[in-house]
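A structural walkthrough
Listed here are the chains, written in short residue letters.
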Amino acid sequence: MNATPAADTQGANAAGDRTGGCLCGRIRFTTRGPAVFAHTCACPHCQKLGGTPVMWWVGFETVTWTGEGGEPTWYETFEGEAKRGFCPTCGSRVAAIDSDIPEIGINVTALDDTSGPDLVPIHASFRENAVHWLPPVPETEHSTAS
Ligand SMILES: [Zn+2]
Ligand SMILES: [Zn+2]
């Protein structure tokens, strides 16, 4: 997740609570509010952190940590500005907090149900850093975010 238009609710609807968690199940969460600005990101941080060519993010107004592991462990990717949450037991990436974005970022892959149409990426951040062998996400929303 990186700097993106924060208030954009394109593709979101009045969805109910959603649940998710890490691979081992110690970190569990419930989200509240519509899914905001589902997007992929191929920035160098996402690639290194995720161990993947591209990460898949979405924002929610509220995330409640419900598992026995409590909150994820936070790693500050930019000190005081951005941090990424992961399970210290299994290493799954689950969340992101960015100081310039009101929503809490969730790794869509951590949700129990990733099939919602409002989770389909509407933007691809850092296209220029994406691997050439994966088809790009169609640009369905005009954005000034890189
Ligand atoms: Zn875990
Ligand atoms: Zn990124």
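Residues numbered from 1 in each chain as written. Chains lettered and ligands numbered in written order. Predicted model: local features only at pLDDT ≥ 70, side-chain atom pairs only at ≥ 80, totals over all residues.

Turning our attention to the overall build of the chain. Along its length, the chain carries 1 helix and 10 strands. Out of the 146 residues belonging to the chain, those deemed buried represent 39%. Taking contacts inside the chain between residues at least 6 apart in sequence as the whole, the part at least 24 apart equals 62%. (Helix = DSSP H or I, 4+ residues; strand = E, 2+ residues; numbered from the N terminus. Buried ≥ 20, exposed ≤ 12 C-beta atoms within 10 Å, placed from the backbone. Contact = placed C-beta atoms within 7 Å.)

Attention now moves to unusual backbone geometry. Positive phi values are uncommon outside glycine, yet phenylalanine 37 reaches one of about 55 degrees. Among the structural elements, phenylalanine 37 can be located in strand S3 (residues 36–41). Taking the C-beta count within 10 Å as the criterion, phenylalanine 37 has 26 such neighbours and is therefore assigned buried. Look at phenylalanine 126: it is not a glycine, yet its phi comes out positive at around 55 degrees. Position of phenylalanine 126 among the secondary structure elements: in the segment after strand S10 (123–125). The class of phenylalanine 126 is partly exposed, set by 18 C-beta atoms lying within 10 Å.

Averaged over the chain, the pLDDT score is 88; the fraction of residues at 70 or greater is 86%. Counting interchain partners and residues more than four positions distant, the pLDDT-below-50 stretch residues 3–15 has 33 contacts. (pLDDT = per-residue confidence, 0-100.)

So, on to the pairing of S3. Each regular strand shows side chains that alternate between the opposite faces of the sheet. With 6 of its 6 residues buried, S3 lies for the most part within the structure. Bridge analysis of S3 against strand S4 (residues 55–60) gives 4 bridges, and the strand direction is antiparallel. Counted as the bridge partner of histidine 39 is tryptophan 57 from S4. (Pairing = 2+ DSSP bridges.)

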